[in-house]
Amino acid sequence: MSIALRHVKIIARLGDMSEHDEPVDELVRTTVRNCLLAMQAAGADAADAAEIIEELLQHELELLPLEKEKFRHVLEAAHLHAEYLVVTDRKFLH
């Protein structure tokens, strides 16, 4: 869980950067991938790791004010990328 929390904090910082029109898309995808890999290295199953990060990202989304659209987009993109890596690209997680 601490691995996922650290990575979600990084994603949140990237969300802040996006609010200032900084390009963060690739950094978000890389952070999600690195999180899932680190969690697997610590012994988590890929699907369980994705579920944990998705829950944390959903929690962040619930706390985020609606007017922070770009930040919200970053969190949603991170969530979708975690799902994508587990469902369609398992080779990246092994």
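For the structure itself, look to the data block above.
Throughout what follows, the structure given in this document is the object of discussion. Once a new chain begins, its residue numbering starts again from 1 and follows that chain's sequence as written. Per-residue local features are limited, in this predicted model, to residues with pLDDT of at least 70; the limit for side-chain atom pairs, both in listing and counting, is 80 or more; totals at the level of whole chains, interfaces and linings are taken over all residues. In computing side-chain properties, one takes all heavy atoms of the structure into account and sets aside hydrogens as well as water.

This part covers the overall build of the protein chain. By definition, any uninterrupted DSSP run of H or I lasting at least four residues is a helix, any uninterrupted run of E lasting at least two residues is a strand, and each is numbered from the N terminus. Counting its secondary structure elements, the protein chain contains four helices and zero strands. It is over C-alpha atoms that the radius of gyration is taken, and the globule rule equals 2.2 Å times the number of residues to the power 0.38. Against the compact-globule benchmark of 12 Å for 94 residues, the protein chain has a radius of gyration of 12 Å, which places it among compact chains. Its C-alpha atoms give the protein chain principal-axis dimensions of roughly 35 × 20 × 20 Å. Considering the protein chain as a whole, with its 94 residues, one finds that 40% of them fall into the buried category. Working definition: with a 1.4 Å probe on protein chains only, accessible area under 20% of the residue-type maximum means buried, over 50% means exposed, and in between means partly exposed.

Mapped onto the elements, H81 comes out in helix α4 (residues 69-87). Classification of H81 as buried rests on a relative accessible area of 14%. Sequence separation between H81 and A50 is 31 residues, and the spatial gap between their C-alpha atoms is 9.5 Å. If we ignore the near neighbours within four places in the chain, the residues touching H81 are R29 and V32. Contacts are assigned to residue pairs with any non-hydrogen atoms lying within 4.5 Å of each other.

The set of buried Ala, Val, Leu, Ile, Met, Phe, Trp, Tyr and Cys residues whose side-chain atoms join them within 4.5 Å is what this entry labels a nonpolar core. Grouped together as the largest cluster of nonpolar side chains are 26 residues, with contacts concentrated most on I11, V32, L36, I53, L57 and L75. Those elements giving two or more residues to this core turn out to be α1 (2-19), α2 (25-41), α3 (46-63) and α4. The greatest single-element share of this core, amounting to seven residues, is contributed by α4. Apart from the residues within four sequence positions on either side, L57 is in contact with V8, I11, L75, A78 and H79.

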